[in-house]
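Examination of the molecular architecture
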Amino acid sequence: MVEIELDGKKVSVPVGSMVMHAADAAGTYIPHFCYHKKLSIAANCRMCLVDVEKAPKPMPACATPVTQGMIVRTKSDKALKAQKSVMEFLLINHPLDCPICDQGGECQLQDLAVGYGGTASRYEEEKRVVFHKNVGPLISMEEMSRCIHCTRCVRFGQEMAGVMELGMQHRGEHSEITTFVGQTIDSELSGNMIDLCPVGALTSKPFRYNARTWELSRRKSVSPHDSTGANLIVQVKNHQVMRVVPLENEAVNECWIADRDRFSYEALNSAQRLTAPMIKQGGEWITVDWNTALGYVADGLKRVKGEFGAQGIGALGTAHSTVEELHLLAKLVRGLGSDNIDHRLRHADFTLGQGAQWLGMPIAELSTLDRALVVGSFLRKDHPLFAQRLRQATRRGAQVFSLNAVHDDWAMSLAGRLTAAPSEWLQTLANVAAAVASAKGAASPVSGQADAAAQAVADALMSGQQSAILLGNAAQQHPQASALLALANWIGQQTGAKVGVFGAAANAVGAQLVGAQPREAGLNAGQMLSQPMKALLLLNVEPALDAGNAAAATAALKGTGLVVALTSFRDAAVDNADVLLPIAPFTETAGSYVNAEGRLQSFHGVVKALGDSRPAWKVLRVLGNLLGLQGFEQESVEEVRAEALGDVNSLPGKLSNEIKAGGVPVAAGALQRVADVPIYSTDALVRRADALQRTADARAPKASLPQAVWAALGLTEGARVLVSQGSASVVLPAVLDSSLAANTIRVPAGHPDTAALGAMFGEISVSKVAAA
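Residues numbered from 1 in each chain as written. Predicted model: local features only at pLDDT ≥ 70, side-chain atom pairs only at ≥ 80, totals over all residues. Heavy atoms only, no water.

**So, the packing of aromatic side chains**
Centre-to-centre distance and the angle between the planes together describe a pair of aromatic rings. By the definition in use, this model includes four aromatic pairs. Between the aromatic rings of F156 and W256, the centroid separation amounts to 5.0 Å while the plane-to-plane angle is 55°, which identifies the pairing as tilted. Of this pair, F156 sits in helix α4 (residues 152-161) while W256 is found in the loop between β13 (240-246) and α6 (259-263), placing the two residues 100 residues apart along the sequence. F156 gets classed as buried once you look at its relative accessible area, which sits at 1%. Residue class for W256 comes out buried when judged on its relative accessible area of 3%. Relative to F502, the ring of F386 has its centre 5.4 Å away and its plane inclined at 35°; by these criteria the two rings are tilted. (Phe/Tyr/Trp six-rings, centres within 6.5 Å; stacked < 30°, edge-to-face > 60°. Helix = DSSP H or I, 4+ residues; strand = E, 2+ residues; numbered from the N terminus. Buried < 20%, exposed > 50% of the residue type's maximum accessible area, 1.4 Å probe, protein only.)

**Some points on the nonpolar core**
F33, M47, I139, F156, L166 and L202 are the most contacted members of the largest nonpolar core, which totals 75 residues. Secondary-structure elements contributing two or more residues to this core are α2 (77-92), α3 (108-116), β7 (139-141), α4, α5 (192-196), β12 (231-237), β13 and α21 (684-687). Take this core: its biggest share by element is five residues, from α4. Among the nonpolar cores identified, the runner-up in size contains 52 residues, and A298, V509, L566 and F632 belong to it. (Core = buried A, V, L, I, M, F, W, Y, C linked by side-chain atoms within 4.5 Å.)

**A look at helix α20 (residues 637-645)**
Taken as a whole, α20 has its buried residues at V637, V640, R641, A644 and L645. All buried residues of α20 fall inside an arc of 105° around its axis, so they share one side. Phi turns positive one or two residues past the end of α20, at G646, with a value near 65°. (Arc of directions from axis to C-beta.)

**Comments concerning the sheet that holds β7**
The strand order across the open sheet formed by three strands is β6-β7-β10, and the pairing between neighbours is antiparallel. Edge positions in the sheet fall to β6 (133-134) and β10 (203-204), since each has one partner strand and no second. By the bridge criterion, two bridges tie β6 to β7 in an arrangement that is antiparallel. Within β7, the position partnered with N134 by the bridge is S140. (Pairing = 2+ DSSP bridges.)

**Observations regarding the packing of α4 against helix α10 (residues 384-395)**
One way to put it is that α4 packs onto α10 with a least axis distance of 9 Å and a crossing angle of 85°. Judged by the angle between their axes, α4 and α10 are roughly perpendicular. Between α4, through Q158, E159, M160 and A161, and α10, the contact on the second element is made entirely by Q388, R391, Q392 and R395. For the contact of α4 with α10, a count of residues per class yields two nonpolar, three polar and three charged. (Axes fitted to C-alpha atoms, helices over the stretch in contact; angles between N-to-C directions. Parallel < 35°, antiparallel > 145°, perpendicular 65-115°, else oblique. Contact = heavy atoms within 4.5 Å. Nonpolar A, V, L, I, M, F, W, Y, C, P; charged D, E, K, R; others polar.)

**A word on the UniProt feature "domain: 4Fe-4S Mo/W bis-MGD-type" (unreviewed entry) in the chain**
UniProt's feature table lists "domain: 4Fe-4S Mo/W bis-MGD-type" (unreviewed entry) at residues 216-272, given in the numbering used throughout. Measuring from the first to the last C-alpha atom of residues 216-272 gives 25 Å, for a span that is 9% helix and 35% strand. (UniProt positions renumbered as here; feature names shortened; annotations may be inferred.)

**Here's the deal with the sheet that holds strand β5 (residues 71-73)**
Within the open sheet, the five strands sit side by side as β2-β1-β5-β3-β4. Their pairing is mixed. Strands with a single pairing partner mark the edges of an open sheet, and in this sheet they are β2 (9-13) and β4 (59-60). Together, β1 (2-6), β2, β3 (49-52) and β5 form the strand contacts of helix α1 (residues 19-26), whose direction differs from that of β2 by roughly 115°. α2 contacts β3 and β5 of the sheet and is inclined by roughly 160° relative to β3.

**Some thoughts on empty space enclosed by the protein**
Under the defined criterion, the tally for this structure stands at five cavities of 30 Å³ or more. Its volume calculated, the largest cavity comes out at about 320 Å³. H320, N540, P585, A684 and L685 are, among the 28 residues lining the largest cavity, the residues nearest its centre. With three residues, α21 is the single largest residue contributor to the lining of the largest cavity. Taken together, the residues that form the lining of the largest cavity break down as 13 nonpolar, 10 polar and five charged. A volume near 100 Å³ is recorded for the second largest cavity. Looking at the second largest cavity, it is lined by 13 residues, and the ones nearest its centre are C147, C150, C153, C197 and A201. In terms of residue class, the lining of the second largest cavity is made up of 11 nonpolar, two polar and no charged. (1 Å grid on protein atoms, 1.4 Å probe; cavity = no way out; pocket = protein on both sides within 12 Å on 5 of 7 lines; lining within 4 Å. Points joined across faces, edges and corners; volume = space filled by probe spheres on them.)

**Things to note about the side chain of R243**
Mapped onto the elements of the fold, R243 is located in strand β13. Residue R243 is classed as buried on the basis of its relative accessible area, which comes to 12%. Engagement of the side chain of R243 in a polar contact is seen with the side chain of E106, the distance being 3.0 Å. If sequence neighbours within four positions are ignored, R243 has contacts with E106, F207, T213, L216, R218, I233, V234, Q235 and Y265. (Polar contact = N/O pair within 3.5 Å; in protein donor to acceptor, adjacent residues only side chain to side chain.)

Written as structure tokens, this is what we have:
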């Protein structure tokens, strides 16, 4: 530690700290623009100049290292004069458009100009003008004359997002922030640049000119998308969500959120919102009241149970639903005498483990790992904030390896890539186990051959102080998911590496904790979505988009009897539904999610429910009453939560990645499919967020082919191919992807353009389509 004197007070800070860090520790505010605690130091705005004793001129607090006995004055005449001079220069070219600026009311430049700016400008020359730029549907750069060149946005792209999409060109007063040759900003974390910008140069396009910041109420919430459980501040005006920004939580999302967390609120105000119950009569939808709709559902379920028995009734809910909703859904189905309940819609292996599968460590530890093997993950798009934490680890020297059939750009430097077709993932991991077994003198649980690539991964895991084996969405959805996890556990035990499962949705861990999956003889999601049921309850589920085998799910639902969809949208992809019950999305209801690390996070509704929509937990509770079931007397969401989870202090003991190997091998045909779910196709909200659907990540899916297949078909750029699985086929644009395993075709799932196809893993065929 080093002790300095700051404005007459003694402050101790670690060696290597800057004066700015000492000021933060002492609670002393030093004005600044370019400095940010999460970004590298640039020292280019000069607003933080302070008076350091014995220094010939004022020094930038953000870039001046502390030394023992240093004396610093932040409020001396010398410091204040320097700060006011910097402010005068910053305002020379700044336009006088505060009244129409979207940043007005939350602008750092505006705030500091009050304290450090002059009452009049001495500058009489013409102000510079920077022409606006179109960088995509999310960020507005239409007033770049306001930019003060702090470069926060540039450094964020380089250091946090991993992609340098913005940079500075020219020099002096001609300097300007821009994208490379007119490109758009396509990072999945790009919206954080809006928060970082201290002026009104980068603003939110969807929010632009919709409200003034002082008109907004600010309320806490939790993201319903991926398993990070990002903490949010939802900003509301006139009972309508107007904007979403991050709530800082160092242990979960730091001060960042992904773009789908930030912009998916547009779906909440969509014209497709379902605002009243509807029943299909004679092929036409009729709007009814709640009593009529729930009475119809209750009577239908009683009739099915009486005629066919309770085993004909099933329920499916997404893990984007809350703990309370999934608990009551499972309780209702079991109260009827059925165990047909599941949330694992895209899974192919339904082997149950000893507890709820989880990350295996606190989320914050991802940033401190020095070795990691990521199995079956489209990491950057599946879990943007987990990718950001691993990216920070690699910047500190961590070695990260990937095992997949295709290797996307994770915007970080990887130490190695294990490339294998899906049918070979287990064998490839077995090769790593063989290398570990050889080094440890142990017997490997499965036979494998320690090739050079596997040996490199094994050596890294064994040499690391903080190592982890992490299984992504594709590994969980793999037909041999349990075998992969069991083998990862063995490798982890031998090497000391922690083993974790990312989890595909916000409440994937919570869904397991409340038993939203069959316990004994019940049907799992794969079975319920591959055979007609007598009655099926769907909670936030769009089968053709959420199922692991879309073609089978579509065919099964055509033969299903009573289909009840609890949804927030009238255009929900449940074509043969008999009843639509309008339920409130996360901003209009109270509930809880349990994120990947097992952290229970509760939230309250921030606006009143739209129209006649109701919280799903209340709908299920009333439905339980109408069915005459016991245990549906809860008066509050807190009562439901207490019943669902019991003592929350006991939750860590219910988390476990221990599992016995199961599943079935992937059909190893001539060509195999590997499927990702595009980042803006993962759930009902992002699918209906207009701005997100106009981004590069939401473009129509393509069939990605390896070099050998591309050459064998004689394809050229712009070609189209017929992709077939069984009797189903679709025509898609073809692209060459040299990172693909030799006999693998990548075709995304979860999108209307590919919803006619079959399983996400399995045999697939491709043929060239003649040009029209």
